[in-house]
Each structure stands twice: as C-alpha cells, then as structure tokens.
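# Chain and residue survey
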Amino acid sequence: MARAAETIGWQQHRLARVALCWLVEPGHRPLGGMVRELGPVEVLRRLYTGAVPGRVSSAAAARLAAGDPVQRALQLAREGERLGCRVVVPEDDEWPVQVEDLVRIGRDADPRADPHTDPPILFWARGGRRIDEAAHRAVAVVGARAATDYGTHVTAELAFGLADRGWTVISGGAYGVDAAAHRGALAASGPTVAVQACGLDISYPMANAGLLERIGQDGLLLSEWPPGAGAQRHRFLIRNRVIAALSRGTVVVEASARSGTRNTARRARELGRIVLAVPGPITSGMSVGTNLMIRQDEARLVSTAAEVIEEVGRIGDDLAPIPQGVRTARDDLDAVSTTVLDAVPLRRAATVEEIAVAAGVSAQQVRRTVPLLSMLGFIEDTGVGYRLRPEQKPSGSAGEQPNIRG
C-alpha cells in the first residue's frame, strides 16, 4: 500500500479510501463503522486477510475476487486526474463536516432498514469551488423529473432568488426540477452543486450533458462513485442522503404520490434538517406528494426564496416580508371618512343630505368630513354637491393586485 500510494504522490489513507469505495457501495454502515474505528488502511488490510465481519466481507466479496483493490484504486486515481477530478476525504480541510450527521440515521438493529445510510468515505469532485465553502449556506431543491411548466417555473424562480442572495443550490442534475434548479442558480451567477449517482465521467442523463459540463466549470460536481460507475437505480436512493446532509434544508417543488423525491425529504427529516414544500394545483398529479407532505405536517409551506431563507437562515435575521397589498391614501382614513367616501357617487353630484342617507351617518358628520376628502383629492365640489374624482374607484371594485413576491 505504501509503495503504491507513493507512485502517485498520495498518502496511504487516501488510496485506501478509493479502494474501499470501489469494493463496497457507498454508505455501507458496517464498513463505515469499521473505518471510523480502525482507519481505512487497517480495514483494507483486514479485507485482504478476511478478518472482517460477515456483512462487510459479503459486500466486498465479488469485487475482491475480480481484482486487486489497490491496483484498481491506482487506475481510478490516474483516471480521475485525467478527467480533472480530485478526491476529497475526511482528512482534508475542505471536507463538509455536516455529512457526518448521517451516523444519526443508522439502524443496524432493524434488518429491514436500508444499510446504505452511513456518511461518505470520500467524494470525487470536479469544479473550482471547495466543498465546505459551497455547502456552508446551502439549500437542496428537488422534485419530479416529469415536472410541469408550473414546477420548472417555480423552481427556476426559487433557485435564482436563493443564489442571488448568496445561497448554494444543491440538486441531483436530473431532468425536470433538478435541471431547473441548477439553471436558475447559474442564471443568477450563483453557486450550485450537482450530486451525481454515477462516475463524474458519465453525463447522466445524457440530455443534460451541457448543463452538467457548465456546473463542472462554474459550480461543483460531486459523486461517491469512481469514474466508470454507471447510474444504477439503487444508487439514486443512496445518493439522496448526501443531498439532504449537505443542505440546511430541502425544498420539494413537485412530487407525485410515489415520488423518489420524498426519499430525500425523509432523509432530511431523519437528520433533523428543515423540510419545505411548494404547494401545487390540486388537479395536478405532480403536486399530490407535495400537497400531502404539507397536509401531514411533514413539510412547511413556502412559495418564495425569501420564505425559504427565513426557514433555513439565522433566527430573527432572515425574515421574509409578509405578503400584503399596496398601501394607498385610503388606508389612512378613519372609519367615518371611509364610510362617507364610499357613499359619494362617481357619475353625479350628491348633496350632503343624500350622502348622509347613503352612508347612514348624520349630515353634520358629512359636513365635517367632505372638506378633508376634497383636500386629499378623493372628491370634488361641483357647487351643487359632491362626487368622486374620475380617477378614484369605489371601494370593492377590481383594482390593485397584492404584491406577493418575496
């Protein structure tokens, strides 16, 4: 091991971690526990000699028989360097320590539980950003691959708003909501991270190859799988725990009743992270999952980037503005003045007595009020009575729309 690591200028622990991640699928709890206790070099040595628990040896058996892990790790290291990738391990300064929270969701006592929930052993990374800095203030934005126009529009708006405020947008690089999240962040010239379920030399899905290439240039591509590893179905569920762990909160934009996106939300809840959801039309199958999450108190409802930041940001400092209509001069009138104003007709002049009857107040109150209303420009004195100025609309008519953007 020492000689092999020396040939590429690496320390032994780094090469050992690459070998272990080739031998066993990422997140394997029994293997992860051994690595934390004994270190990667010792664990690899014990795998060679067979001195490991049965669950670890059975997980590594097929690949251990297929080739020498150290030699395979050397090949992967050289291939990663050729591709412009780097290996980041827990011993490095840029390691994102929040992923270590994944130890909380290990459930070894339950044989039916998913065994692939442990913290990553390493990351393959491509991009100029440090992982720890990119994930310092990060929000995961995930959702349906078969997203509707509503879903992609809302996602792009949210991601743009988050990135514009200095938050990193993390997603999975897939079709639909994932792609819209990355594009929205890039449009704001903000940071975005795509966590892949395959080697970084593989563009998956192929239709997003251009987007993934741009993320690799302007953002950050991450994977636990080495170059050459294909995108297999079970790897997406393993990958989802990392998306949840890297982020302060997870926003689900669209999800069907049986969406895999809800797996990411579940991991976030298990980690104690904040889970948020954007409501959708009750007529849309792509919003059944998100609406159900809100109904069952599994997620907080959000509709703007400001509301997301209020949930995941600093308490008391990142408050979202409360949606409200545009304030007008009418809002400053007292109750009697508003009542009198509502009784003044638009198309003809009315006497003080007629206005008093229509308003249900005394003529004396009308006489005291109409000079103020005239001075403020609400009504005009025609000489024979009062009427609304032409530009004034009676209360209750179609008018201003509330300003609800955050």
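Just so it is clear, the structure is predicted and the values come from calculations on it, not from any experiment. (Residues numbered from 1 in each chain as written. Predicted model: local features only at pLDDT ≥ 70, side-chain atom pairs only at ≥ 80, totals over all residues. Heavy atoms only, no water.)

### Quick word on the overall build of the chain
Scanning the chain for helices and strands turns up 17 helices and 11 strands. For a compact globule of 406 residues, the expected C-alpha radius of gyration is about 22 Å, and the chain comes in at 30 Å, more than 25% above that figure. The principal-axis extents of the C-alpha atoms in the chain amount to approximately 105 × 40 × 35 Å. A burial count over the chain gives 50% of its 406 residues as buried. For the chain, restricting intrachain contacts to residue pairs at least 6 apart in sequence, the fraction spanning at least 24 positions comes to 73%. (Helix = DSSP H or I, 4+ residues; strand = E, 2+ residues; numbered from the N terminus. Rg over C-alpha atoms; globule rule 2.2 N^0.38 Å. Buried < 20%, exposed > 50% of the residue type's maximum accessible area, 1.4 Å probe, protein only. Contact = heavy atoms within 4.5 Å.)

### A few points about the sheet that holds strand 7 (residues 249-252)
Within the open sheet, the 9 strands sit side by side as 1-2-6-5-4-3-7-8-9. Their pairing is mixed. Only two strands of the sheet have a single partner each, and these edge strands are strand 1 (86-88) and strand 9 (300-301). With 2 bridges connecting them, strand 8 (residues 274-277) and strand 9 associate as parallel partners. By the bridge assignment, A277 is partnered in strand 9 with L301. Set on the sheet, helix 12 (residues 261-270) makes contact with strand 3 (138-142), strand 7 and strand 8; between it and strand 7 the angle comes to about 155 degrees. (Pairing = 2+ DSSP bridges. Axes fitted to C-alpha atoms, helices over the stretch in contact; angles between N-to-C directions.)

### Side note on the packing of aromatic side chains
Overall, the coordinates contain 2 aromatic pairs when judged by the stated rule. The lysine or arginine in question, R145, covers the ring of F236, its NZ or CZ lying 4.8 Å from the ring centre. (Phe/Tyr/Trp six-rings, centres within 6.5 Å; stacked < 30°, edge-to-face > 60°. Lys NZ or Arg CZ within 6 Å of the ring centre and 35° of its normal.)

### So, the pairing of strand 6 (residues 220-223)
Regular strands show a simple pattern: their side chains alternate between the two faces of the sheet. Because side chains alternate across strand 6, one face comprises the buried residues L220 and L222, and the other comprises L221 and S223, equally buried. Inspection of the sheet shows strand 2 (residues 123-126) paired to strand 6 by 3 bridges, in the antiparallel sense. By the bridge assignment for strand 6, R126 is matched with L221. The handedness of the strand 5 (residues 192-195) to strand 6 crossover, carried by helix 10 (residues 209-218), is right-handed. (Right-handed = clockwise from strand over helix to strand, strands pointing away.)

### Here's the deal with the pattern of salt bridges
Within the structure shown, the criterion is met by 25 salt bridges. In this structure, E91 engages R17 in a salt bridge whose closest nitrogen and oxygen atoms are separated by 3.1 Å. Pair noted here: E91 is in the loop between strand 1 and strand 2 and R17 is in helix 2 (residues 12-23), with a separation of 74 residues, a long-range link. Residue E91 is classed as partly exposed on the basis of its relative accessible area of 38%. E25 is the partner of R63 in a salt bridge, and the nearest nitrogen-oxygen pair spans 3.0 Å. (Salt bridge = Lys/Arg side-chain N within 4 Å of Asp/Glu carboxyl O.)

### Some details on the domain arrangement of the chain
Examined at the domain level, the chain breaks down into domain 1 (2-82), domain 2 (123-312) and domain 3 (329-388). Just the C-alpha atoms count here: the centres of domain 2 and domain 3 sit 56 Å apart. (Domains from an automatic or database assignment.)

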